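A structural walkthrough
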Amino acid sequence: MTELEKLDAGLTYDFWDEGVNGHKLRAIALCAKLNVIPMTDEAARASVIRELFAEAGENTSVLTGFNCDYGLHIRVGKQFLANYNVASSTSCPSPSATM
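Remember, it's a predicted structure, so these values are computed and weren't measured experimentally.

1. Let's talk about the side chain of Lys24
With respect to the helices, strands and loops of the structure, Lys24 is situated in helix α2 (residues 18–36). Reaching out from Lys24, the side chain makes a polar contact with the backbone oxygen of Phe15 at a distance of 2.4 Å. Residues within four places of Lys24 in sequence aside, it is in contact with Phe15, Trp16, Asp69 and Tyr70.

2. A look at the nonpolar core
Side chains of a nonpolar character, in soluble globular proteins, are inclined to be buried together. Formed by 17 residues in total, the largest nonpolar core has its most connected members in Leu52, Phe53, Val62, Phe66 and Cys68. Here the element with the most residues in this core is α2; it accounts for four residues. For Val62, the residues in contact, after removing those within four places along its chain, are Leu34, Met39, Arg45, Ile49, Phe53 and Ala82.

3. Focus: the side chain of Arg45
Along the chain, the position of Arg45 falls in helix α3 (residues 42–52). Not counting the four nearest positions on each side in its chain, Arg45 is found in contact with Leu34, Ile37, Pro38, Met39, Val62, Leu63 and Thr64.

4. Structural notes on the confidence of the model for the protein chain
When pLDDT is averaged across the protein chain, the result is 90; 91% of the residues are at 70 or more. Confidence scores differ between elements of the protein chain, with helix α1 (residues 3–9) showing the lowest mean pLDDT of 88 and α3 the highest of 97.

5. Quick word on the state of the cysteines
One covalent bond between the sulfur atoms of two cysteine residues makes up a disulfide. Scanning the entire structure with this criterion turns up zero disulfides. The thiol sulfur of Cys31 is not disulfide-bonded, and the nearest other cysteine sulfur, from Cys68, lies at 3.7 Å. You can call Cys68 buried: its relative accessible area is 9%.

6. Points about the packing of α2 against α3
Where α2 contacts α3, the axes come no closer than 10 Å and their chain directions differ by 165°. One finds that α2 runs roughly antiparallel with respect to α3. Here the hand of the crossing between α2 and α3 comes out left-handed. In this structure, α2 uses Arg26, Ala27, Leu30, Cys31, Lys33 and Leu34 to contact α3, whose residues at the interface are Arg45, Val48, Ile49, Glu51 and Leu52. In terms of residue class, the contact of α2 with α3 is made up of seven nonpolar, no polar and four charged.

7. Focus on the pattern of salt bridges
Summed over all chains, the structure comprises two salt bridges. Ionic pairing is found between Glu3 and Lys6, a salt bridge with its closest N-O pair at 3.0 Å. In this pair, Glu3 and Lys6 are both assigned in helix α1, three residues apart and thus about one turn of the helix distant. Relative accessible area serves as the criterion here: at 17%, Glu3 is assigned to the buried category. Residue Lys6 is classed as partly exposed on the basis of its relative accessible area, which comes to 23%. Salt-bridge contacts for Glu55 lead to Arg75; the nearest nitrogen and oxygen are separated by 3.3 Å.

Parameters at a glance
Residues numbered from 1 in each chain as written. Predicted model: local features only at pLDDT ≥ 70, side-chain atom pairs only at ≥ 80, totals over all residues. Heavy atoms only, no water. Helix = DSSP H or I, 4+ residues; strand = E, 2+ residues; numbered from the N terminus. Polar contact = N/O pair within 3.5 Å; in protein donor to acceptor, adjacent residues only side chain to side chain. Contact = heavy atoms within 4.5 Å. Core = buried A, V, L, I, M, F, W, Y, C linked by side-chain atoms within 4.5 Å. Buried < 20%, exposed > 50% of the residue type's maximum accessible area, 1.4 Å probe, protein only. pLDDT = per-residue confidence, 0-100. Disulfide = S-S within 2.5 Å. Axes fitted to C-alpha atoms, helices over the stretch in contact; angles between N-to-C directions. Parallel < 35°, antiparallel > 145°, perpendicular 65-115°, else oblique. Left-handed = near helix turned anticlockwise from the far one by under 90°. Nonpolar A, V, L, I, M, F, W, Y, C, P; charged D, E, K, R; others polar. Salt bridge = Lys/Arg side-chain N within 4 Å of Asp/Glu carboxyl O.

Spelled out as structure tokens, the structure:
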């Protein structure tokens, strides 16, 4: 079982594994990109949110200061709002991991 498979299964995994680290770096880059896009550029913000999250419903709004460890397991529904300075730790998928 790879370290990424362990992460996805909710098992103990090697935080420094190359594949795991790649996922972290991806999330860091996308969060940084999202956090500098003006709030008035809704299309650009929505595009980054959809790239970062596993699912994002209609009218998803994530305000500046958002950070997450991986992002790949974040699922949000319609009319979702993440207010300023939100940090999300979603290392593995879970039915209760929906924000």
